[in-house]
Each structure stands twice: as structure tokens, then as C-alpha cells.
Amino acid sequence: MILYMVKRTALGIVIIMLAVTLLYLMIHAVPGDPATVMLGPRATPELIAAMEQRMGLDKPLPMQIVSFFGRVLSGDLGVDVFAERPVAETIVGVLPYTLVLVAAGMSWALLLGVPLGVYSATHPDSWMDKAAGVSSVAFIAMPPFVVGLYALLLFAVTLGWFPVIGGGQEKGWIGQLHHLVLPAFAVGLGWVGYLARLVRASMLEVLAENHVRHARAHGLPHNVILYRYVLRIAILPAVTIIGIGIGAMLSGVVFAEIIFARPGLGKLIFVAVQQRNFPLIMGTVLVTTTLFVIATTLSDILNALLDPRIRSRL
Amino acid sequence: MVEPTGNILQVRNLSVEFKARKRVIKALRDVSLDVPTGKIVGVVGESGCGKSTLILAIMRLLAPNAAITGGEVHFGGRDLLKVPEADMQSLRGTDISMIFQDPLTSLNPVVSIGRQLIDVQYRDRSSLDSKRQRAIQALSQVGIPDPAARMDAYPHEFSGGMRQRIAIAMTIIEEPRLLIADEPTTALDATLEVQIIHELKELQRRYQCSILFVSHHLGVVADLCDYVIVMYAGEVVEQGSVRDLFHDVRHPYTEKLMECDPARIVRSTERSFPTIPGDLPDLVDLPSGCIFGARCHRALQQCAAEAPDTRTVAPGHAVACHLY
Ligand SMILES: Nc1ncnc2c1ncn2[C@@H]1O[C@H](COP(=O)(O)OP(=O)(O)OP(=O)(O)O)[C@@H](O)[C@H]1O
Ligand SMILES: [Mg+2]
């Protein structure tokens, strides 16, 4: 198991390095060289040359990439020329809001979706199963920003139960939690349906496998079979999907962050793209990519913990 | 069958149907058999004749689309078809245990074999450590080398033969009064088959349990069993002691089965099913008359019109055929 974790982590690091390289190349393949872009239309050739030297653009490409790695590793993601502060600082300022939102959204989806899927699989074609099926599809089909808008209108504007906008930056953690409820609801709802469907399908499949009948033939109690023998296998696809889902959510929560005017990574990317703020785009993409790879790596490791057959692969 | 008293299991007129795509498959019809206490009874027949359906009905582990439409299964003074599911569950793995056909898919792939061997002892109030010792002991009994070290291994780390031994170790731990084995050797090669049969004999000798042994290898049945039930297309066509069946064959189907089987089974490792010209009848739309009529080389005129009753041709030897 340790060996698997080491291997999988190494693979994750390689993926991140490839992604960073690709990102660097992509940014530098954009028409118009960065020095000109940064200096604006009034740049003189001398100024551009000086800027290129300062940015290391006069060196050969591999050298540029290596020094880029060096800077990234030391936590230097460049300077946000618009706000005139380090990109890393800007990102670190908003990152916790996104992480908390993603964690809350995925957690409640997990806590509701998985039991719902288990119930549906163990009571197939019951009215609860059918109701869960229909609502799951509805939850999946509804775009999160629509859910967000209606939740905002109903619970915040009309009923006044929750704050309308902001992340509760100036309040204590209870206030922040209060601010978190509606956005987390909006980003997680589709996942409730998705996980319920996924767990139901894979659980039904596992329940039909021979080893379940074997366990029953030896008189094992229903709950042991269900939770120790079956769910452990049936949850595997969900674990994989959640890893990818968390990664995708990091930038996917942009709707919730905009609708609820929350600070966050998604919103930061949105603003950076609007401003054509290249250092900021680069920094945020770097961070989301890294977090994405971390999430999928962790989900793979969790899968391997649950399923010994995976450990012997890779 | 033979001993009017002292049958650990008595099946009477058991009928099972499957519903599949609006069609009703009459997989078992009026099956009756006895398993005398302490004896080994073999059930033989071609693939698809309902052997697995029979034993899954006895265990009450049939697929959800199956329905037991009639009959009784007497075990320990009760009709198993009438006891509540909770009681049935407490019988499984204590009084009745089972070994399945495919060892590669029978064990749970994500639970260590040690854990699975400990889990089947969940009713036992002894300490975890003594359960562990019990599991290790059972593994060594079935010939798993270095059992203590293999307790934490997972099924995929064992070969098919080893996995079947682990499944047998489970039944050893349970010390059941009745062991039901559904073709436990079909998925294995011939040398392993011999070893597994040896384990079953050992098990029977040591714990005096009764065994209902399903197979389509007559050679194995002749070697292992005391009594034989011959099934065809969901019905019992002949039953008797191994002597009766192998030296005084009556039913034309059993005859054909013998012709196809013994020599080949003993001499070769080839795993083909016995082949008899013709196909199994349609279990949805059953032919009138004798179920084997269409394939029978000795069919009489009345065979197509009338289903034969089961007749006792010698003490303990019964056959369902118009010839007798
Ligand atoms: N769940 C099911 N749904 C529909 N039909 C079934 C089902 N299970 C078994 N059958 C049918 O019932 C009949 C008897 O099947 P069964 O598995 O009992 O045969 P078998 O004698 O055990 O064969 P084998 O030697 O191949 O294991 C077959 O025609 C089979 O197609
Ligand atoms: Mg079978």
C-alpha cells in the first residue's frame, strides 16, 4: 500500500510538472509578446528589450521553463500588474473561501446522495426509489446557477433566512457558515442526484455478483453484507468521480461565487480573464490544476485503500 | 428413499418457476428427493436441467425473479419453505452450509480471506483471537501452505483451486449438519478436482455431516457418493444407490448419460459436457407426455401422450419411465 501511495504521488507530481510546462508554453504562444503587452502601446524597443531581460525572455526556452519552476516552487507566482501585489498573495486571500465552498457542497451531496443510492438499490422499484430517481434526474439537469438564483430569491430575498451576498469576510466563523449555506446548496444539489444514481447503479450491479450469494449462504447478517461487503465495492466509482468532481468544482463554483458575490478562485479567474491579467490567470490556473491533481491522486489512493486489486496494478 | 427414518433432508414435490421477459420458465417440477443422515447424495444431469435451481431453492437463495410454486423442504423437523427469513438466515452457515461452483467469484474481492473466515464465525461468542486461530486451523486443514501468513491476503492472490479450498475451510469452520456443494470442481482441472473431492470425503468422515453434491461428472459421483439423483429438464427421472445406478441402469436418459460419461471423465482432463443427441425441451412450453420422449431411443407410443409416474423398481431404486 505504501508503495502504491508513493508511486501514485510521484505520478501526480509528474502530471503537475507536465501541466505547468504546457501552461507556460501556451501562455507564451499567445500572439504579441508578453513584454509588449505589459508595457502597452507606447513601449520603445529599448524598453521592451530591458523588460524581456528582466522577465528572462531572452534566455532559451528550456531555461525559461526551469527558472519558472524554480519561482513557482519558492511560492513566487509573479506580480499582478493591475493590483500591484503578488499573485500568490491574491490567490491565498480567496482560496479558503473556495475550498470551504467545494468541501461543503461535496460533503452534503455525499451525505445525502450515497444513502439515497443505497436505499434505492436495496429497495428497487419502491416508491421511494422512483421518487429518488425522478428528483435525481431533475437535480442533475438543473444548472447550478439557476439553482443558485432561485435559492437566493427564495431563502435570502423573500424569506430572509440567509444573507444575500458576500462570503461573510468580516464576520466570525458562524457568520461565514451562515453565508456558506445557500452557495453550498447550489453547487452540491446536482451532485446529490448524480451520486444517488451512480451508487444505486453500481450497488445493484455488485448485489448481483456471486460473492453476495456466497456470503448469504453462510448466513452473514444483511447489514454486514451490505455495508462491509457490498458498499465497499459499490462506492469505488463514486470515489473516482468525486475526485474529478472536486477538481472540476474548484473553477466550476464560479457561478455560485458570482451570484452570491463571494470571494473565491472561480471569481478570481473570471475577473482575471476579463482584465486579460495574464500573471493572475497563470497563477490561478496553476493553483486549480495542482489542486485538481491532488484531488484525483487522493481519490485514487482512497480507491486503492478500499480495493486491494487496484494496489497490485499501477 | 432408502431409510424411511433418518433423512436429514427431505424434498417433496418442489416446483420452481422463473419469470423472464413475460415468459414463465418452469425450471423445476415436482422434484422429490431424500438425503439420508451422514450420507453423500449426488445430483447429476446435463447443464440447464435445474441442479443449481434445486439447491438454491433449498437454501432459499433463488434470484428475485424466481418463485417457489409448490412443495416442501423438510430439514430438522421444519419445512424450510415456511420458516421466516430470519430463522432461515440462522440456519445458513450453521446447520446448512454451501460451496459454490465458481471459486473465482465466490469470495469477496475486497475483504481479506482471514476476515471472511472470521466473519462467518460472527455467531460465536469467543474472542477474536480464538476465531483467528480457528480460521488458521481450517486453512491448514484444507492444505493452504503457511496459513497464518496468508490470512491477510486477498482472494485475487490465490489460484482457483486455492480459493475453492478456502471456501471449503469456511464450511469446515461452520461444521454444518448438511453441506450442499454445487459443482465445486467444475471450474478446476482434473488433479485439483481429485484433491477437492478428497477434502470433501475428509470433511464427511471427520464431521459425519451429510452432503448433497451436485455434479455433471458421473465418475466423480460414483467415487464420492452413496446415492444418486438423476435430473432431466427440471424433473427427477431416476434415483437410487450408486450400485443401482451404475450396475442396474433403468432410465434411457441415465443410460445415455453413462455412455457419454465415465471413461472420458476418468481418462482425460477435457471438460466437455456429456452430449446426448437432441436438445433440452422448452421449459416455457412443456411437451405433453414424457419429458425425455423426444430424445429417447427407446420411446414407446404412449410416451408422447402420457407422462410416466415414478415407480420403485427395486428397494430404494425409483425411475420415471413407461418401460417399467
Ligand atoms: N434467474 C433466472 N432467470 C431465468 N431463468 C433461469 C434463471 N436461473 C436459471 N434459469 C433457467 O432455469 C433452468 C435451470 O437452470 P440451472 O442453473 O438450475 O441449471 P443447472 O443444472 O445448474 O446447469 P449448470 O450445470 O449449467 O449449472 C435453465 O433453463 C436456466 O436457463
Ligand atoms: Mg448450476
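Residues numbered from 1 in each chain as written. Chains lettered and ligands numbered in written order. Predicted model: local features only at pLDDT ≥ 70, side-chain atom pairs only at ≥ 80, totals over all residues.

**Concerning the overall build of chain B**
Here's step 1: Along its length, chain B carries 13 helices and 12 strands.
Here's step 2: The C-alpha radius of gyration computed for chain B amounts to 20 Å, which stays within 12% of the reference 20 Å derived for 324 residues, consistent with globular compactness.
Here's step 3: With the C-alpha coordinates aligned to their principal axes, the bounding extent of chain B is approximately 65 × 45 × 45 Å.
Here's step 4: Every one of the 324 residues in chain B was classed for burial, and the buried ones make up 48%.
Here's step 5: Here the contacts in chain B between residues at least 6 apart in sequence split such that 66% fall between residues at least 24 apart. (Helix = DSSP H or I, 4+ residues; strand = E, 2+ residues; numbered from the N terminus. Rg over C-alpha atoms; globule rule 2.2 N^0.38 Å. Buried ≥ 20, exposed ≤ 12 C-beta atoms within 10 Å, placed from the backbone. Contact = placed C-beta atoms within 7 Å.)

**Concerning the overall build of chain A**
Here's step 1: For chain A, the count of helices and strands is 15 helices and 2 strands.
Here's step 2: With respect to the three principal axes, the spread of C-alpha positions in chain A is 85 × 55 × 35 Å.
Here's step 3: Evaluated residue by residue, chain A yields a buried proportion of 37% over its 314 residues.
Here's step 4: Considering only residue pairs separated by 6 or more positions, chain A has 72% of its internal contacts joining residues 24 or more positions apart.

**Describing the interface of chain B and chain A**
Here's step 1: Between chain B and chain A, the residue contacts involve 24 residues of the former and 19 residues of the latter.
Here's step 2: Elements with a contribution of two residues or more to the side of chain B that touches chain A: α2 (85-91), β6 (96-99) and α3 (103-106) of chain B.
Here's step 3: Classifying every residue of the side of chain B that touches chain A by side-chain character gives 12 nonpolar, 9 polar and 3 charged. (Nonpolar A, V, L, I, M, F, W, Y, C, P; charged D, E, K, R; others polar.)

**A short note on the packing of helix α13 (residues 265-275) of chain A against helix α14 (residues 278-306) of chain A**
All names here are of chain A.
Here's step 1: Put simply, α13 and α14 touch, their axes get as near as 9 Å, and they point 150 degrees apart. The orientation of α13 relative to α14 falls into the category roughly antiparallel. Crossing geometry of α13 relative to α14 is assigned as left-handed. Of the residues in α14, those in contact with Leu265, Leu268, Ile269, Ala272 and Val273 of α13 are Leu280, Ile281, Thr284, Val287 and Thr288.
Here's step 2: Residue composition of the contact of α13 with α14, grouped by class: 8 nonpolar, 2 polar and no charged. (Axes fitted to C-alpha atoms, helices over the stretch in contact; angles between N-to-C directions. Parallel < 35°, antiparallel > 145°, perpendicular 65-115°, else oblique. Left-handed = near helix turned anticlockwise from the far one by under 90°.)

**Side note on unusual backbone geometry**
All names here are of chain B.
Here's step 1: In this structure, Asn13 is a non-glycine residue whose phi angle is positive, near 50 degrees.
Here's step 2: Inspection of the secondary structure puts Asn13 in strand β1 (residues 7-20).
Here's step 3: Backbone geometry places Ala233, a non-glycine residue, at a positive phi of 45 degrees.
Here's step 4: Within the secondary structure, Ala233 sits in the loop between β9 (227-232) and β10 (235-241).
Here's step 5: Residue class for Ala233 comes out buried when judged on the 25 C-beta atoms lying within 10 Å of it.

**Thoughts on the packing of helix α8 (residues 173-207) of chain A against helix α10 (residues 222-234) of chain A**
Geometrically, a packed helix pair is captured by the angle between its two axes and the distance between the axes.
All names here are of chain A.
Here's step 1: Contact geometry for α8 and α10: axes closest at 8 Å, N-to-C directions at 125 degrees. As the angle between them shows, α8 and α10 are arranged oblique. By crossing handedness, the relation of α8 to α10 is classed as right-handed. Packed against α8, whose contacting residues are Val199, Ser202, Met203, Val206 and Leu207, the element α10 presents Val230, Ile233 and Ala234 at the interface.
Here's step 2: When the residues that make up the contact of α8 with α10 are grouped by side-chain class, the tally is 7 nonpolar, 1 polar and no charged.

**Here we look at the domain arrangement of chain B**
Residues and elements named next belong to chain B.
Here's step 1: Split into domains, chain B comes out as domain 1 (7-95 + 178-320) and domain 2 (105-175).
Here's step 2: Once you take the C-alpha centre of each, domain 1 and domain 2 turn out to be 29 Å apart.
Here's step 3: Counting residues per element, the side of domain 1 that touches domain 2 draws most heavily on helix α8 (residues 190-207), which supplies 5 residues. (Domains from an automatic or database assignment.)

**A word on the domain arrangement of chain A**
Residues and elements named next belong to chain A.
Here's step 1: The domains assigned to chain A are domain 1 (2-87) and domain 2 (92-311).
Here's step 2: A separation of 33 Å is found between the C-alpha centroids of domain 1 and domain 2.
Here's step 3: Counting residues at the interface gives 20 residues for domain 1, matched by 18 residues for domain 2.
Here's step 4: Going through the elements one at a time, α1 (2-29) and β1 (79-80) are the ones with two or more residues in the side of domain 1 that touches domain 2.
Here's step 5: The leading source of residues in the side of domain 1 that touches domain 2 is α1, at 11 residues.
Here's step 6: Taken together, the residues of the side of domain 1 that touches domain 2 break down into 15 nonpolar, 3 polar and 2 charged.

**A short note on the sheet that holds strand β12 (residues 317-320) of chain B**
Residue and element names in this part refer to chain B.
Here's step 1: Across the sheet, 8 strands lie side by side as β6-β7-β8-β3-β9-β10-β12-β11; this open sheet has mixed pairing. The sheet terminates laterally at β6 and β11 (310-314), the two strands that pair on one side only. When strand polarity is set aside, the average angle formed by the axes of neighbouring strands in this sheet is 20 degrees.
Here's step 2: Of the pairings in the sheet, the one linking strand β7 (residues 178-182) to strand β8 (residues 210-214) comprises 5 bridges and is parallel in character. If you follow Leu179 over to β8, its bridge partner there is Ile211.
Here's step 3: Of the strands in this sheet, β6 and β7 touch helix α7 (residues 160-174), which is tilted by about 170 degrees from β6. (Pairing = 2+ DSSP bridges.)

**Overview of the pairing of β1(B)**
All names here are of chain B.
Here's step 1: Sheet topology places β1 next to strand β2 (residues 23-36); 10 bridges connect them, and they run antiparallel. Bridge assignment links Val16 to a residue of β2, and that residue is Leu28.
Here's step 2: Hairpin geometry of β1 and β2 is characterised by an intervening segment of 2 residues between the two adjacent antiparallel strands and by a positive phi of about 45 degrees at Arg21.
Here's step 3: Across 8 bridges, β1 lies against strand β4 (residues 66-75) in antiparallel orientation. Bridge pairing in β4 links Val11 to Val73.

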